[in-house]
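Tertiary structure, described
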Amino acid sequence: MSEQEPDFSHGPALRTIAMPADTNPNGDIFGGWLLSQMDVAGGMVAARRAGGRVATVGIEAMKFHQPVLIGDEVSCYCAVIRVGRTSLSIKVDTWIRRGLARTAAKVTEGVFTYVAIGEDRRPRPVPPDVLSV
Ligand SMILES: CCCCCCCCCCCCCCCC(=O)SCCNC(=O)CCNC(=O)[C@H](O)C(C)(C)COP(=O)(O)OP(=O)(O)OC[C@H]1O[C@@H](n2cnc3c(N)ncnc32)[C@H](O)[C@@H]1OP(=O)(O)O
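Note that this is a predicted model, so its numbers are computed, not measured.

Across its full length, the protein chain carries one helix and five strands. Going residue by residue from the N terminus, the α and β elements of the protein chain occur as β-α-β-β-β-β. Here the protein chain holds 133 residues, and the buried ones make up 39% of them. Sequence separation of 24 or more characterises 70% of the internal contacts of the protein chain that already satisfy a separation of 6 or more. Summed over its atoms, the accessible surface of the protein chain is roughly 7500 Å², and 54% of this surface lies on carbon and sulfur atoms.

The structure is reproduced here in structure tokens:
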């Protein structure tokens, strides 16, 4: 781990600790758990930008670079990279810090696409950006 954690002005959308219950049969952290953390992080950012409910419709460019271990501090950084008519794409980068290390490492990245939906669960237009996320 030698890279510097990104200094995003808004900080991570989500930060948590990888727990023993999140492991796969090899004892490393299960990829599906990481994916779900990223989905929640991207979903929060998407919901704020979309001004309400969103549904995940696609995940692209997903990469698992390094294993995550029990006790790692896991941080998901998000950026809105595309806004369409009813959909928007969020780049999610996940970084870990291990123990008291001052350095961090990027462990996963992916592009999550969400659709803004209404009460009827059908797509609705993403409103103009009036507030910064
Ligand atoms: C107020 C602030 C609150 C803040 C605090 C909130 C906290 C909140 C935290 C939430 C954090 C958890 C977030 C997890 C969210 C789930 O886990 S959702 C559960 C998993 N997802 C689902 O169940 C969705 C199932 N799919 C569906 O229901 C339907 O496909 C959808 C999403 C309603 C879309 O319907 P559709 O008829 O396929 O729509 P369609 O008109 O064809 O396409 C709509 C748009 O999607 C695009 N699209 C369609 N398919 C795809 C695809 N495969 N890939 C990419 N784009 C696609 C289209 O290009 C189109 O884009 P635009 O050109 O309009 O921009």
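Before going further, it helps to examine the nonpolar core. Formed by 15 residues in total, the largest nonpolar core has its most connected members in Cys76, Cys78, Leu88, Ile90, Val92 and Tyr114. Elements that contribute at least two residues to this core include exactly α1 (31–50), β3 (73–83), β4 (87–97) and β5 (105–116). In this structure Ile90 touches Gly42, Val45, Ala46, Cys78, Ala79, Val80, Ile81, Gly110, Val111, Phe112 and Tyr114, once residues within four positions along its chain are discounted. If you look at the next biggest cluster of nonpolar residues, it comprises nine residues, including Ala18, Trp33, Leu34 and Val68.

Quick look at the pairing of β3 now. Direction of pairing for strand β1 (residues 14–17) relative to β3: antiparallel, over a ladder of four bridges. Opposite Ile17, over in β3, you have Glu73 as the bridge partner. Sheet topology places β3 next to β4; 10 bridges connect them, and they run antiparallel. Across the sheet, Glu73 pairs through a bridge with Arg97, a residue of β4.

About the thresholds
- Along each chain, the written sequence defines residue order, and numbers are assigned to residues from 1.
- Where totals are concerned, whole chains, interfaces and linings use all residues; where local detail is concerned, this predicted model gives features only for residues with pLDDT of at least 70, and gives and counts side-chain atom pairs only at 80 or more.
- To get the side-chain values, all heavy atoms of the structure are used, and hydrogens and water are removed first.
- The helix and strand labels rest on DSSP assignments: H or I over at least four residues marks a helix, E over at least two residues marks a strand, and numbering proceeds from the N terminus.
- Burial here depends on accessible area, computed with a 1.4 Å probe over protein chains only, as a share of the maximum for the residue type. Under 20% is buried, over 50% is exposed, and the range in between is partly exposed.
- Note on definitions: a residue-residue contact is assigned when non-hydrogen atoms from the two residues lie within 4.5 Å.
- The method behind every accessible area is Shrake-Rupley, applied with a 1.4 Å probe, and residues are considered shielded solely by the protein chains displayed.
- Only buried Ala, Val, Leu, Ile, Met, Phe, Trp, Tyr and Cys residues count toward a nonpolar core, and they belong to the same one when joined by side-chain atoms within 4.5 Å.
- A pair of strands is considered paired only if DSSP assigns at least 2 bridges between the two.

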